[in-house]
Amino acid sequence: MNRSAGAEVASYVYTPLSQPRAIRVATILPGERTDPVHVALQEHNLDDENLQYEAVSYCWGSVHRTSQVICDNQAIMVTENLIAALLRFRNPTEERILWIDSICINQNAINERNHQVKLMGNVYQNASRVLVWLGEEDETTELAYSCMQAYFELKEPNVWREFESASRKIRGSAAWDKNNRTLSMLKSNPAEIAAVQALLDRPWFSRAWTFQEGRLSRETLVVTGSYEIHGSSISKIQDGIVALNIEVGFCLFGDAFLKSVIRLYFLFNPKFTMSDIPEPDFWEGLSFLLTIRRGAEARDPRDVVYSLIGIASLSSALEIEPDYGTSWERLYTSLAKQFICKSRHLGQLAAVTQYSATQLCLPTWAPDWRQPFPSSRVSTPDHCGLPREYYASGSSRVAISHNDDPARLQLRGLRCDEVGRISVSKVEINAVPTRDHLWSANISNDELTNFMTSGGLLGIGPRHLKVGDHIFVFLGGEVPHLLRKTEAETEYAFVGECHVHGLMKGEALLKARKMADPNYDLGDTEWLDQLHEGEIPFSTEEVVIR
């Protein structure tokens, strides 16, 4: 049911913005709590040093429940959640200048939306403060805010360090000293944990755009009904909890609570910057951000990407243009191919979720960033600061053939083997002489299964693999990859990464070189580390993946 503010009036007609760096800001006119919301829109240059405004960050809420904001005796329709925020932020006696996306951007003009999205990083950076609206308060809000404030006001500078030290001493023990000063200070009762968890479960925290809006702000005020707390306070709480020994942290705070806090670590934490990423060019930065933010909620799937370009472009020039005229499927596909071409390795293939006939809106090799990150990856996560664990293709770079079909990925590599049978016995697994710590971690992953190749090698791959799936080592790949023949005999579907004992350290390349040159000495392996500088000393096969 729609609720209007006063009599029906004509829809507001926006005047087009006059310059590339122009934005609109909304002056919220004074009023009492029950008065209709009246605003005045003015155009300003975003680079004007005299421009002062606060930016509002919120969830739109249901587009089927709307209300009127009155501007120049005309109506701008907004969601009821925004109306609740404006009633909370409106001053009864003074004007307040705010930037609000659904009011300050003409949502019906695609060209304007495309252009304004490019500026939104600067909009939140330049705001004097960002007002985060989580919604109206409920019966748990007061307890949640008082609990967070209490943690923030802990004055002892060594409290988290003392807790971490204590946790190390009791690791592996089912009990700890309940009289320990640090533990008793930090251990909350279940009601407090549940209240804070309920707050962190509000839709704002999982929304795509909030990452940029929270990260780029000079100052953040988090508001729920009549309660408020500074984002810096939440950041300090996060610092402390993330620093805890994880085993004890789960016992102390609970699984869901700790995961929520860790998920929010990058949101308000000023210690993390894009400079933490080695060589943070635009593509490296955007790839990293999509890794940690994939699965964020967005009404428009394109916003999972567009909500991050403002941050990715802080350390380098913006290299993609927001275009709401392009389908999300085409955006995801072209972006995945760009990542592969720019990085010259196949790390992006680790981000692909399960190949399924019900998900063929994307090519099988393209990540679906609408979905959470798959837990079936085998390769080392990009941008995490860890050295590569595997060198299945040595130091080679991706060899990709360009074509006019965005759904077609053409790679060069070696066809090594195929899946012979699935569900290998524990006796066979234990017979593999490996000390690879990731092997042990992967073998216990419910999303992975073990298999034996037709050539007698033991492997681990995604649970949806099938007998007959082909195993390739592609140039630029850290690990081998599984492909499945399609109805078109010359093309394959991508199945996933795999770990095959005997193919992880360049063995397939050594074998290929020996076949190309019978006089080659298999003991000579130094050239594997130099492949990125020269030619490949054996022939490879071009493979088409869709």
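Here the structure is shown first, and the text comes after it.
Residues numbered from 1 in each chain as written. Predicted model: local features only at pLDDT ≥ 70, side-chain atom pairs only at ≥ 80, totals over all residues. Heavy atoms only, no water.

Draft legend 1. Just a negative patch on the surface, in detail. Together, Asp521, Asp524, Glu526 and Asp529 make up a region of like negative charge exposed at the surface. Within the secondary structure, aspartate 529 is located in the loop between α19 (507-516) and β18 (541-545). (Patch = residues over 30% accessible without salt bridge, like charges linked within 9 Å, V, L, I, M, F, W, Y side chains within 5 Å. Areas by Shrake-Rupley, 256 points an atom, 1.4 Å probe, with all protein chains shown as cover. Salt bridge = Lys/Arg side-chain N within 4 Å of Asp/Glu carboxyl O. Lys, Arg positive; Asp, Glu negative; His and termini not counted. Charge placed at Lys NZ, Arg CZ, Asp CG, Glu CD. Helix = DSSP H or I, 4+ residues; strand = E, 2+ residues; numbered from the N terminus.)

Draft legend 2. Summary view of the environment of glutamate 478. Its location among the elements puts glutamate 478 in the loop between β14 (470-474) and β15 (481-485). The exposure class assigned to glutamate 478 is buried, which follows from its relative accessible area of 11%. Spatially, the C-alpha atom of glutamate 478 lies 5.3 Å from that of alanine 392, the residues being 86 residues apart in sequence. Within the local environment of glutamate 478, its side chain forms a polar contact with the backbone nitrogen of tyrosine 390, the two atoms lying 3.3 Å apart. (Buried < 20%, exposed > 50% of the residue type's maximum accessible area, 1.4 Å probe, protein only. Polar contact = N/O pair within 3.5 Å; in protein donor to acceptor, adjacent residues only side chain to side chain.)

Draft legend 3. Main features of the sheet that holds strand β9 (residues 227-230). Pairing in this open sheet of 9 strands is mixed, and the strands run β5-β4-β2-β1-β6-β3-β7-β8-β9 from one edge to the other. The outermost strands of the open sheet, each flanked by one partner alone, are β5 (74-79) and β9. Adjacent strand axes in the sheet meet at a mean angle of 35° when their direction is disregarded. Pairing geometry for strand β7 (residues 129-135) and strand β8 (residues 220-224), over 5 bridges, is parallel. Bridge pairing in β8 places glycine 135 opposite threonine 224. The sheet strands contacting helix α3 (residues 110-126) are β1 (22-28), β3 (54-57), β6 (96-99) and β7, and the helix crosses β1 at an angle near 70°. (Pairing = 2+ DSSP bridges. Axes fitted to C-alpha atoms, helices over the stretch in contact; angles between N-to-C directions. Contact = heavy atoms within 4.5 Å.)

Draft legend 4. The arrangement of the packing of aromatic side chains in detail. With the rule as written, the count across this model stands at 14 aromatic pairs. Centre to centre, the rings of tryptophan 99 and tyrosine 124 are 5.6 Å apart; their planes meet at 80°, and the pair counts as edge-to-face. Placement of the pair is tryptophan 99 in strand β6 and tyrosine 124 in helix α3, with a sequence separation of 25 residues. Owing to a relative accessible area of 0%, tryptophan 99 belongs among the buried residues under this scheme. Ring plane angle 90° and centroid distance 6.1 Å describe the contact between phenylalanine 339 and tryptophan 369, whose orientation is recorded as edge-to-face. Of the two residues, phenylalanine 339 is situated in helix α16 (residues 328-343) and tryptophan 369 in the loop between α16 and β10 (400-401); the sequence distance between them amounts to 30 residues. On the basis of relative accessibility, which here comes to 4%, the residue phenylalanine 339 falls in the buried class. An aromatic cluster of three or more residues is present, and its members are Trp283, Trp328, Tyr332, Phe339 and Trp369. Over the ring of tryptophan 527 we find arginine 513, and its NZ or CZ is 4.8 Å from the ring centre. (Phe/Tyr/Trp six-rings, centres within 6.5 Å; stacked < 30°, edge-to-face > 60°. Lys NZ or Arg CZ within 6 Å of the ring centre and 35° of its normal.)

Draft legend 5. Representation of the state of the cysteines. Enumeration according to the criterion identifies 0 disulfides in this entry. Free cysteine: cysteine 104, not disulfide-bonded; nearest cysteine sulfur from cysteine 71 at 9.4 Å. Its sulfur unpaired, cysteine 416 is 9.0 Å from the next cysteine sulfur, which belongs to cysteine 498. (Disulfide = S-S within 2.5 Å.)

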